[in-house]
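Examining the three-dimensional arrangement
This is what each chain is made of:
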2 protein chains.
Amino acid sequence: MGSSALCHYSINKGAAFLGLGTDSVRVVKADERGKMIPEDLERQISLAEAEGSVPFLVSATSGTTVLGAFDPLDAIADVCQRHGMWFHVDAAWGGSVLLSQTHKHLLDGIQRADSVAWNPHKLLAAGLQCSALLLRDTSNLLKRCHGFQASYLFQQDKFYDVTLDTGDKVVQCGRRVDCLKLWLMWKAQGGQGLERRIDQAFALTRYLVEEIKTREGFELVMEPEFVNVCFWFVPPSLRGKQERPDYKERLSQVAPMLKERMVKEGSMMIGYQPHGPRANFFRVIVANPTLTRADMDFLLNELERLGQDL
Amino acid sequence: MGSSALCHYSINKGAAFLGLGTDSVRVVKADERGKMIPEDLERQISLAEAEGSVPFLVSATSGTTVLGAFDPLDAIADVCQRHGMWFHVDAAWGGSVLLSQTHKHLLDGIQRADSVAWNPHKLLAAGLQCSALLLRDTSNLLKRCHGFQASYLFQQDKFYDVTLDTGDKVVQCGRRVDCLKLWLMWKAQGGQGLERRIDQAFALTRYLVEEIKTREGFELVMEPEFVNVCFWFVPPSLRGKQERPDYKERLSQVAPMLKERMVKEGSMMIGYQPHGPRANFFRVIVANPTLTRADMDFLLNELERLGQDL
């Protein structure tokens, strides 16, 4: 298996859980923006084959957790095709972008995937949990993988078409009908309504990014291509002190301190994390369809207020 | 691994999913009432060892799906102790009985288990899904098994005790706080309130069983020890015809036909299944705390009404 250095930790976890072992996961290099480098994927496959391994699956990511990066799916699909490998796309976070005519180009090539994971409970804000696994397969693969024909649960002598029963196709047994949440939301909002949500999230992200650029003490980690806005808040005492040897260490302490203050005041909740060599930075996700520009202004004002004495 | 012939199909499924393979699951014989036979467990372990296998886990069941059978946990714990094996109890269905002083003896020996699975969403009727995995371990085993220390998600530099964070101890990532449903229900009902529910379910089961015994055309599969009431409805045309060569075949068609009728009328829903050599029989689960004797009467009257022409 191959996956980028910035893929979700569930890839490693899945390999461990399925008994394949984490050693069977090869990490493919990502570029500065966090996108998988197809040439390195090709190289990792050759290396694995040279060692006698049989690479069988590539997991690309559409919308990484921190930077919101979209892997170049078309180029990765080419590699998979050349090597006869299963092409999986982890679009848990970014998959909903397909609903937007304006932005769906970020996922160009996803139509070539063998499987796609998509979480409507993320960007579309369906109630937790609502996760879809989409398959190209038409041979009833899930049934062949997971079916155990437990006759005491999945009776075959029913008065309707039992191929409609999904119980024996999934990993779990007793579970909620999670797909109903997506279906109801789609019915209520319509495709256009959901598209408006996505487009609005991108537009509001753009507003927040431009505001960050104009304010003193705010520094973007990079220009976002999605709705993940990653930035540092540099408090007054650290501004212009980039040359100090303890700058990065002190900057790393800012986000946890501000997080503690905002949580204790109850004014807002913003995540932060370190990332590779980068010091702790904030990551604002602009997804909630009820957010407005006033909320973006509040967020930045509040960070300034909470951090003015640092 | 060893599990009884009547264990839940999730045991086999789990073995497949974890990469152990279903061949690594040994089926232990069960007695007439569906309880695991400890002597056969001992025998299966010896056989496996003789073949060079290393048996490591026994999964006993407290409340099998169909018959509601409780395996003899104390005797099984003895076997596990002798062989140094992990003792797991699948008490998904029957675990809630522990809340009843009157009936908890059915689970005698469960205190010796290494792990217990319990679904409050079954007998206690907590909202789907609410499943607990209880462990004897105090060495933070889940963290050691499932922890991936994804620094971008599980920050360590927080202002509170991060050992309280459970995110990195579980298999999934984004998930509902299912335990809240149990906690709220327990707070609202109290231990005594939940105990009353269990005792009432057993009492109402007893009423249904006695009613079944007095009515013509109803035949118990066996005396239940739990709230699973398994019985045949023998329609007028089949009564007293047990000697006919096609009796079993025709009896097997009764439950699916009645199920179709009740579903189409919308009057009730009762499950049925074949079981080993036994023809399709109904399985009524008496669990809902709002059920009354009148509901039990309705159920039997309705089966008589729907099946009078068969």
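Residues numbered from 1 in each chain as written. Chains lettered and ligands numbered in written order. Predicted model: local features only at pLDDT ≥ 70, side-chain atom pairs only at ≥ 80, totals over all residues. Heavy atoms only, no water.

For chain A, the name recorded in an unreviewed UniProt entry is Cysteine sulfinic acid decarboxylase isoform X1, with Castor canadensis as its organism. Taken directly from UniProt, the Cofactor (unreviewed entry) text for chain A runs: "pyridoxal 5'-phosphate". Of the comments in the UniProt record for chain A, the one headed Sequence similarities (unreviewed entry) reads "Belongs to the group II decarboxylase family." (UniProt positions renumbered as here; feature names shortened; annotations may be inferred.)

As a further point, take the packing of aromatic side chains. The geometry of an aromatic ring pair is captured by two quantities: the separation of the ring centres and the angle between the planes. Residues and elements named next belong to chain A. By the definition in use, this model includes 19 aromatic pairs over all chains. Taking the centre distance of 5.0 Å and the plane angle of 55 degrees together, the rings of Trp93 and Phe226 count as tilted. Placement of Trp93 in the loop between β4 (86-90) and β5 (115-118) and of Phe226 in the loop between β7 (218-220) and β8 (228-233) is noted, with a sequence separation of 133 residues between them. Accessibility assignment for this pair places Trp93 and Phe226 in one class, buried. Centre to centre, the rings of Trp118 and Trp186 are 6.4 Å apart; their planes meet at 80 degrees, and the pair counts as edge-to-face. One end of the pair, Trp118, is in strand β5; the other, Trp186, is in helix α5 (residues 179-214), with 68 residues separating them in the sequence. Grouping aromatic residues by their ring pairs yields a cluster made of Phe70, Trp93, Phe202 and Phe226. (Phe/Tyr/Trp six-rings, centres within 6.5 Å; stacked < 30°, edge-to-face > 60°. Helix = DSSP H or I, 4+ residues; strand = E, 2+ residues; numbered from the N terminus. Buried < 20%, exposed > 50% of the residue type's maximum accessible area, 1.4 Å probe, protein only.)

Residues and elements named next belong to chain B. Of note, Ser4 is situated in strand β1 (residues 2-4). With 55 residues separating them in the primary sequence, Ser4 and Ser59 have C-alpha atoms 7.8 Å apart. When sequence neighbours within four positions are dropped, the list of residues in contact with Ser4 reads Val27, Val28, Met36, Ser59 and Asp71. (Contact = heavy atoms within 4.5 Å.)

Moving on: the confidence of the model for chain A. On average, chain A scores 93 in pLDDT, and the residues at 70 or more come to 99%. Prediction confidence for the complex, expressed as pTM and ipTM, is 0.92 and 0.87 respectively. (pLDDT = per-residue confidence, 0-100.)

All names here are of chain A. Per the UniProt entry, the sites bearing "modified residue: N6-(pyridoxal phosphate)lysine" (unreviewed entry) are Lys122 in this numbering. With respect to the helices, strands and loops of the structure, Lys122 is situated in the loop between β5 and β6 (132-135). Judged by its relative accessible area of 31%, Lys122 falls in the partly exposed class. In this view, Lys122 contacts Ala92 and Trp93; residues no more than four positions away in its chain are not counted.

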